[in-house]
Amino acid sequence: MIPVGPIPPAHFCRREVIAARIPTNDMRHALLALVWGSASLVLALDGDVGIHDPSTVVVAGGKFYTYGTGGTSLVSDDGWTWRKGTALPLRQLAPDVIHIGDRYYLYTAANSGQTKADVSMIWTKSLDPGSPDYKWSAPVVVASSDGIEDANAIDPGIFLDPTDGRLWLTYGSYFGYIRLVEMDPKTGKRLRPNEVPRNIAINSEASVMIYHDSWYYLLVTHGSCCRGADSGYNIRVGRSKKATGPFVDNIGVDMIQGGGKLFAGSGGRVIGPGHFGLLDLGDGVQKFSLHYEADLDRGGASVLDIRPLFWRDGWPVAGDNAKEGTYQIESLRTGTVLELAVEGVPVGGRRTGRGGGRGGAPVTDGGPGGLFAGTGGVIPPQDPAAVSAAWPKGNLDLRMGNYMSQAQQKWTITPVTGSGGYPGAPYFKITIAGTDRTLAATAEGELVVLPAFNGSPKQLWRLDQLADGSWSIMPKSGPKSVSGPEGPLSLSAVGSSFATLAKFDPASEKQRWILKAP
Amino acid sequence: MRTFKRDASSLVVVLAAAAALLAGAMTGGAAAVPASTLSPPKTAEMKPGPDGFIRRWLLLEPIPAAGLTDSIVQAAVKKGPFVSELTAVPRDGETVDMESAQLTWHAVDTSNYNVNLFHFARSLDKNTSNVLFWVVTVVHAPREMRDVRLAIGSNAASVWWVNGQEVIGIYGDRQTVIDDGVSKRLTLKKGANVIRAAVVNGGGATDFCARILDANDKPLTDFVVNLLK
């Protein structure tokens, strides 16, 4: 494993870097792509995010922690902006960490030969170095490989089975098998130290199990690490009805025979994803931590990222954090879209006579120039500047309606610098495309569209991808009191034509939204 | 080819002659058909069913109105004496003098979740297309009820007031969908609360439904409807 050197400061440089590369005569098209396209920049995390082989991100005392190879540590107050943390007492390889009871158990490993290695466990009652409970225990070896057997005891992954409370450790790296041993959740140590480990996968590393909807999933990393943009790292998955396997991929190949459905590969400006870790935020929001071997916008450094995790046909899917772009925001419940409450104008203008824009040519319906013949030319998109000139000034209501490709139905989602974020993404402002009209929460727990954005927390929005791939949309700061259950408020389609803010209900479709390219 | 409802304003312009023929055919030319889903109230008050729908209303005979856009509907509801009477509760049989006709308020109970205005107008041998219906009911709350919402559906456009405050406006040609238009959170005072609406129809069937949702979006049922304020 390679040490991680200093990396360029982040962030929001990605957009600037892209813009700087674009020749002037292409700039207009690039800007159009940013405004109208959905394939815009994907934001990675902000701050100091250099790490290799990060542990599963854990939340402790309101802070987010992860630990990497070399005993490195990153910490964040919000999951978006990261800084260097306190190094571990064991400066070994690829840790993983889990919170059970009042302890945080951390597993990490070191090689003393090519395949001779030990996995060690240390624990503490706090991850905050400022806490009197921040005291790491002495290390205890919990798994080993002797340098001869077909295994390399590094890259531990720890998993607490939510169905029965049993604790499992997987480990291994390329030289042979990924192995499984049972641990004691009361001590973090091996439950039966003399028991022969079970082989569950082969020729991979960074293994870890998760559980979802009656299935156990084993996530591993295939490909090579530590070669920057030449790293072939990619995350693969198989599943089993038992924690002990066999883990089989989507085409029926056992992971012990090299199977594994692709979960996350290289894409965009990031190369070599590896070291999956589940970050379950509750209320139906699951994310995963990982590192990329090379972030091309950060000089090819290895960096941490957090991305949405959702599920499709019984398999985990690596989502992307919300992208800057223009969208129709459609309710999964009602099929209607958010719109500014103004009188819409049909695209191309209202028909004023038979034959519409052709001037009412007196021809049979359906024939050339008839009622259904259209204009004979291309009808351009509505120009927001022109259409919005007729809209009332001041605050306007938000409502929902059938999507008709009209200007008041298209929303631009834009990351806001310097306003913090949440795991994986910054806060966004949501404006009517091509205008300054800004979606905001009200003190009464309702919604309003303001004439312009002023940076208020009520105008900052958090977009989390949910387990089904839809999105929740929450204001950074909602009202202090709205009747009903306590909890963060989320954009909610309480009616087909009306949205409000209400507590997120994982069992309801009211707070699930689909972002579509208009 | 699928049949569809047309925007009333374009219908009038584009198919004026046909519309006139249609109107002639639907008014006065045929015997009125009894409204099978509507009947005069037989009790002093009525409770909503478990689904919360308000089933007792005062309906005014239809007023000619063409157009379903926001601005046309808003202009239509400001015509006549009604805009100054948003908290008034007419009596069954009370009449209103309009430009060319005297219209009568009718108290009805509906046997369905919705109020079928097509049945209502047809039973009176009145126009059912390109018309506006004023409707009123009175919800008597046993206590002050905070953070509730009026939730309605209408065919087609409609504007709604609670105790004189406009709380919902939905526009365009649309079918009645339960909880289509929903108000912001509002407070029902203890005692009588007047709910008034104007429903504008372009062509074809026309109806509406209305109920009140609690703070958890569940239908309120612990109130009574009594058409006396």
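Residues numbered from 1 in each chain as written. Chains lettered and ligands numbered in written order. Predicted model: local features only at pLDDT ≥ 70, side-chain atom pairs only at ≥ 80, totals over all residues. Heavy atoms only, no water.

Asks: Pulling in residues and values, what's your account of the overall build of chain A?
Replies: Looking only at helices and strands, chain A features 3 helices and 35 strands. The buried share of chain A, taken over its 518 residues, is 54%. Long-range pairs, those at least 24 residues apart, make up 56% of the contacts in chain A between residues at least 6 apart in sequence. (Helix = DSSP H or I, 4+ residues; strand = E, 2+ residues; numbered from the N terminus. Buried < 20%, exposed > 50% of the residue type's maximum accessible area, 1.4 Å probe, protein only. Contact = heavy atoms within 4.5 Å.)

Asks: Can you lay out helix α3 (residues 70–77) of chain B for me, pointing to particular residues and giving the numbers?
Replies: Because an α-helix completes one turn every 3.6 residues, residues spaced three or four positions apart along the sequence face the same direction. Inspection of α3 of chain B places D70, V73, Q74, A76 and V77 of chain B among the buried residues, and these make up the whole buried set. Down the axis of α3 of chain B, the buried set is contained in an arc of 160 degrees. They therefore lie on one face. Where the residues of α3 of chain B are buried, they touch β24 (398–401) of chain A together with β7 (131–141), β9 (157–162), β10 (165–170) and β13 (191–201) of chain B. (Arc of directions from axis to C-beta.)

Asks: Tell me about the pattern of salt bridges, residues and numbers included.
Replies: In the structure shown here, the tally under the stated rule is 30 salt bridges over all chains. Measuring nitrogen to oxygen at the nearest pair gives 2.9 Å for the salt bridge that ties E182 of chain A to R192 of chain A. Linking E182 of chain A in strand β12 (residues 177–183) with R192 of chain A in the loop between β12 and β13 (198–202), this pair joins segments that are 10 residues apart in sequence. Owing to a relative accessible area of 7%, E182 of chain A belongs among the buried residues under this scheme. The partly exposed category is assigned to R192 of chain A, whose relative accessible area is 36%. Residues D217 of chain B and K510 of chain A are paired through a salt bridge, measuring 2.9 Å at the closest nitrogen-oxygen approach. Taken as a pair, D217 of chain B in the loop between β14 (207–213) and β15 (224–225) and K510 of chain A in the loop between β34 (498–503) and β35 (513–516) lie in two separate chains rather than in one. For the pair formed by D217 of chain B and K510 of chain A, the shared burial category is buried. (Salt bridge = Lys/Arg side-chain N within 4 Å of Asp/Glu carboxyl O.)

Asks: Describe the pairing of strand β10 (residues 157–160) of chain A, and please don't skip the residues or the numbers.
Replies: Note: β10 of chain A against strand β11 (residues 167–171) of chain A, 4 bridges, orientation antiparallel. Following the sheet pairing, G157 of chain A is matched in β11 of chain A by T170 of chain A. (Pairing = 2+ DSSP bridges.)

Asks: Tell me what's going on with the sheet that holds strand β16 (residues 234–240) of chain A, and back it up with residues and numbers.
Replies: All names here are of chain A. With antiparallel pairing, 4 strands are arranged side by side in an open sheet as β14-β15-β16-β17. Lying at the two open borders of the sheet, with one neighbouring strand each, are β14 (205–212) and β17 (261–264). Each adjacent strand pair in this sheet contributes to an overall mean axis angle of 35 degrees, direction not counted. Sheet analysis places strand β15 (residues 215–222) next to β16, joined by 7 bridges and oriented antiparallel. Paired with H222 across the bridge in β16 is N234. (Axes fitted to C-alpha atoms, helices over the stretch in contact; angles between N-to-C directions.)

Asks: Talk me through the confidence of the model for chain A; I want residue IDs and the actual numbers.
Replies: Averaged over every residue, the pLDDT of chain A is 88; the share at 70 or more is 86%. Under a pLDDT of 50 for its full length, residues 1–42 of chain A has, in the predicted model, 73 contacts with residues more than four places off or in other chains. (pLDDT = per-residue confidence, 0-100.)

Asks: An account of unusual backbone geometry is requested, with residue identities and associated values reported.
Replies: The peptide bond linking G245 of chain A to P246 of chain A adopts the cis configuration, its omega dihedral lying at 0 degrees. Mapped onto the elements, P246 of chain A comes out in the loop between β16 and β17. Between N155 of chain B and the following residue, A156 of chain B, the backbone shows a cis peptide bond with an omega angle of 10 degrees. Among the secondary structure elements, A156 of chain B is positioned in the loop between β8 (145–155) and β9. Phi at D53 of chain A takes a positive value of approximately 60 degrees, unusual for a residue other than glycine. By relative accessible area, which is 0% here, D53 of chain A ends up buried. Although it is not a glycine, D125 of chain B sits at a positive phi angle of roughly 60 degrees. Position of D125 of chain B relative to the elements: it lies in the loop between α4 (117–123) and β7.

Asks: Quick rundown of the sheet that holds strand β19 (residues 285–295) of chain A? Include the residues and the values.
Replies: All names here are of chain A. Strands sit in the order β18-β19-β20-β21 across an open sheet of 4 strands; the sheet is antiparallel. Each edge of the sheet is formed by a strand with only one pairing partner; in this case those strands are β18 (270–282) and β21 (315–318). Strand-to-strand twist across the sheet, computed as the mean angle between neighbouring axes with direction ignored, equals 35 degrees. The pairing of β18 with β19 spans 9 bridges and is antiparallel. Residue G282 lies in a different strand from β19, and its bridge partner there is V285.

Asks: Requested: an account of the environment of I51 of chain A, with residues and values cited.
Replies: Positionally, I51 of chain A belongs in the loop between β1 (46–47) and β2 (58–60). Between the C-alpha atoms of I51 of chain A and K84 of chain A, which are 33 residues apart in sequence, the distance is 9.5 Å.

Asks: Go over the environment of M98 of chain B with me, naming the residues and quoting the values.
Replies: Relative to the helices and strands, M98 of chain B is located in the loop between β4 (95–97) and β5 (102–110). Taking the C-alpha atoms as reference, M98 of chain B lies 15 Å from N127 of chain B; in sequence the two are 29 residues apart.

Asks: Could you give an account of the confidence of the model for chain B, naming the residues involved and the relevant values?
Replies: Residues and elements named next belong to chain B. Averaged over every residue, the pLDDT of chain B is 88; residues scoring 70 or more account for 86%. Low pLDDT, under 50, characterises residues 1–30; the predicted model gives this stretch 33 contacts beyond four residues in sequence or across chains. With pTM at 0.85, the complex prediction returns an ipTM value of 0.84.

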